[in-house]
Amino acid sequence: MMLSPLKPLPLNVTPVPGESATSLASRIARKNGTASLQSFCADMSISYRALKVGDPVEIERVAALAGCAPTTLRTWTPHAPSKTNYQLGAEAPRFTAYSRSTIRGCPKCAAEALSEQGAHGPFHLGAWQLTSIRTCAHHSCMLIEVPPPSHHKHSYDFARMVDNMDIDDIQIVAEEARSLERYLLGRLDGASAGRWLDTLEFHVAAQLCENFGLLLTRGPKASRAETTERQWLEAGAAGYDVLCNGPDQMVAVLEELRLKAGPGCHTYGAIAGSFLTWLSQREDDAAFDDIRQMVFDYILRTYPVLVGSTVLRIRCDRQQVYSLRKGAKAYGIDERMLRHKLLERGDISKSGKSGAITYHRYPSRETLQ
């Protein structure tokens, strides 16, 4: 069925840079006094269901009603070029990078828009649907959750949902805590610095920075479920500040954490448990395979992992380093002689004559041979 061309409505709103099509349609609907975005779409012969998933035809019809360029509107409305990814800006993040059930907004943006334009003013940016974007780039404050509507059919009617938003809940954040977000927003704009992170898929880069940073800021026993949005923001910045320098820096920091652990025979789980648990759970996403292999290789050449053991869901087929006792036994070396030699080489150290051993490096197969 051919749809009749739409013309700009007499009562209209001005699109905000980066605004999504559903947000713009919601504002137009409210400006024209309709009961909801869904009923407005029905009146305008726009498929509400198709608009929610970024259908280009419906976005074009919304753009026609607003009298704006459809290309720009589509650019900042998440839409699905494949079954697993949603295009947004210059990137196509995996669907796991989006929050599709929770809507967040900037309280300062909402307050200013209400003050200047009234009830049809508050807008929602497409980038705010990404879980790793937690602040407003304009106001440097935390995005806050918008209370859900009474019916799920109205979950994209942002101009009305904002009525129940606590616009006084303003939490300003330091600019240094936004380093990961600035990087991610730059990627959406098409910017690239040619760094290692740029070679990773968008959701891999974002989640890797956040979870590596969580290890750095909250320790190896950090609970992802109990981490607050602000703590995730700080973790992402901490992770980005390391990983922007490449994968070798990630390995170097893991080694620093091991050495800082002090005397005793520490396991890799005790040093980096929260990060390793998260990484092992990425087994079903091939985009993380290179990261898992990189960390796996580091663990095997650093910790005494037995043949047949599984690390990051990858099986160890050849042990590369040994503890003092097991190395001596495996290669038929007197344990006291081996301890003396490793102390002499600086591979291990002791605190006092009978103190615990600190492994600066475990003896490798080559060393023992």
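Refer to the structure printed above.
As a starting point, this report considers the structure included with it.

Basis of the calculations
Residues numbered from 1 in each chain as written. Predicted model: local features only at pLDDT ≥ 70, side-chain atom pairs only at ≥ 80, totals over all residues. Heavy atoms only, no water. Core = buried A, V, L, I, M, F, W, Y, C linked by side-chain atoms within 4.5 Å. Buried < 20%, exposed > 50% of the residue type's maximum accessible area, 1.4 Å probe, protein only. Helix = DSSP H or I, 4+ residues; strand = E, 2+ residues; numbered from the N terminus. Contact = heavy atoms within 4.5 Å. Salt bridge = Lys/Arg side-chain N within 4 Å of Asp/Glu carboxyl O. Phe/Tyr/Trp six-rings, centres within 6.5 Å; stacked < 30°, edge-to-face > 60°. 1 Å grid on protein atoms, 1.4 Å probe; cavity = no way out; pocket = protein on both sides within 12 Å on 5 of 7 lines; lining within 4 Å. Points joined across faces, edges and corners; volume = space filled by probe spheres on them. Nonpolar A, V, L, I, M, F, W, Y, C, P; charged D, E, K, R; others polar. Expected span 1.5 Å × (residues − 1). Axes fitted to C-alpha atoms, helices over the stretch in contact; angles between N-to-C directions. Parallel < 35°, antiparallel > 145°, perpendicular 65-115°, else oblique. Left-handed = near helix turned anticlockwise from the far one by under 90°.

## Some words on the nonpolar core
In step 1: Of all hydrophobic cores here, the largest spans 70 residues; its most connected members are Trp128, Leu197, Leu208 and Phe275.
In step 2: The element that contributes the greatest number of residues to this core is helix 10 (residues 202–218), accounting for 8 residues.
In step 3: Here Leu208 is in contact with Trp196, Leu200, Gly213, Leu243, Met250, Phe275, Trp278 and Ile291, once residues within four sequence places are set aside.
In step 4: If you look at the next biggest cluster of nonpolar residues, it comprises 20 residues, including Ala25, Leu37, Leu65 and Tyr156.

## Overview of the pattern of salt bridges
In step 1: Counted according to the given criterion, the structure contains 20 salt bridges.
In step 2: Note that Glu175 is salt-bridged to Arg182, the shortest N-O span being 3.1 Å.
In step 3: For Glu175, a relative accessible area of 37% gives the class partly exposed.
In step 4: Overall, the relative accessible area of 41% leaves Arg182 in the partly exposed class.
In step 5: Arg345 is the partner of Asp347 in a salt bridge, and the nearest nitrogen-oxygen pair spans 2.8 Å.
In step 6: Put simply, Arg104, Arg134, Glu210 and Glu229 are held in one network by salt bridges that share partners.

## Some remarks on the packing of aromatic side chains
What characterises a pair of aromatic rings is the spacing of the ring centres plus the angle enclosed by the ring planes.
In step 1: Throughout the structure, instances matching the rule amount to 10 aromatic pairs.
In step 2: Taking 5.2 Å as the distance between ring centres and 75° as the angle between the ring planes, the aromatic pair formed by Phe212 and Phe275 counts as edge-to-face. Note that Phe212 is positioned in helix 10 and Phe275 in helix 13 (residues 268–280), a separation of 63 residues in sequence. There is no split in this pair, since Phe212 and Phe275 are both buried.
In step 3: Connected via pairs of aromatic rings, a cluster forms that spans Phe212, Phe275, Trp278 and Phe288.

## Structural notes on the layout of surface pockets
In step 1: Volume-wise, the largest pocket comes out at about 320 Å³.
In step 2: Along its surface, the largest pocket is lined by 18 residues, and Thr96, Thr131, Arg134, Gln207 and Glu210 are the ones closest to its centre.
In step 3: Of all the secondary structure elements, the ones that give two or more residues to the lining of the largest pocket are helix 10 and helix 11 (229–243).
In step 4: Here the lining of the largest pocket gets 6 residues from one element, more than from any other, and that element is helix 10.
In step 5: Partitioning the lining of the largest pocket into residue classes produces 6 nonpolar, 7 polar and 5 charged.
In step 6: In this structure, the second largest pocket spans a volume of roughly 260 Å³.
In step 7: Along the walls of the second largest pocket sit 17 residues, with Leu125, Ala127, Trp128, Ala137 and Leu185 positioned nearest its centre.
In step 8: Going through the elements one at a time, strand 2 (135–136) and helix 8 (179–188) are the ones with two or more residues in the lining of the second largest pocket.
In step 9: Classifying every residue of the lining of the second largest pocket by side-chain character gives 12 nonpolar, 4 polar and 1 charged.

## Structural notes on helix 14 (residues 289–302)
In step 1: For helix 14, with 14 residues, the first-to-last C-alpha span of 20 Å sits near the 20 Å given by 1.5 Å per residue.
In step 2: Burial in helix 14 covers these residues: Ile291, Arg292, Val295, Phe296, Tyr298, Ile299, Leu300 and Thr302.
In step 3: The secondary structure elements touched by the buried residues of helix 14 are helix 9 (196–199), helix 10, helix 12 (247–260), helix 13, strand 5 (310–311) and strand 6 (314–315).

## A word on the environment of Ala206
In step 1: With respect to the secondary-structure elements, Ala206 resides in helix 10.
In step 2: Look at Ala206 and you get buried, because its relative accessible area is 3%.
In step 3: For the pair formed by Ala206 and Leu184, sequence separation is 22 residues and the distance between their alpha carbons is 7.4 Å.

## Description of the side chain of Ser20
In step 1: Counting through the fold element by element, Ser20 comes out in the segment before helix 1 (21–31).
In step 2: Given the relative accessible area of 1%, Ser20 is considered buried.
In step 3: Residue contacts for Ser20: discarding those within four places in its chain leaves Leu73, Trp76, Thr77, His124, Leu125 and Gly126.

## Focus on the packing of helix 10 against helix 12
To characterise two packed helices, one gives the angle between the axes of the helices and the distance between these axes.
In step 1: It is at 12 Å that the axes of helix 10 and helix 12 come closest, and there the two elements cross at 20°. On the basis of the axis angle, helix 10 is roughly parallel to helix 12. Seen from above, helix 10 lies across helix 12 with left-handed handedness. Seen from helix 10, the contacting residues are Leu208, Phe212, Leu215 and Leu216; seen from helix 12, they are Met250, Val253, Leu254 and Leu257.
In step 2: Per-class residue counts for the contact of helix 10 with helix 12 are 8 nonpolar, no polar and no charged.

Purely geometric numbers; function is a separate question.
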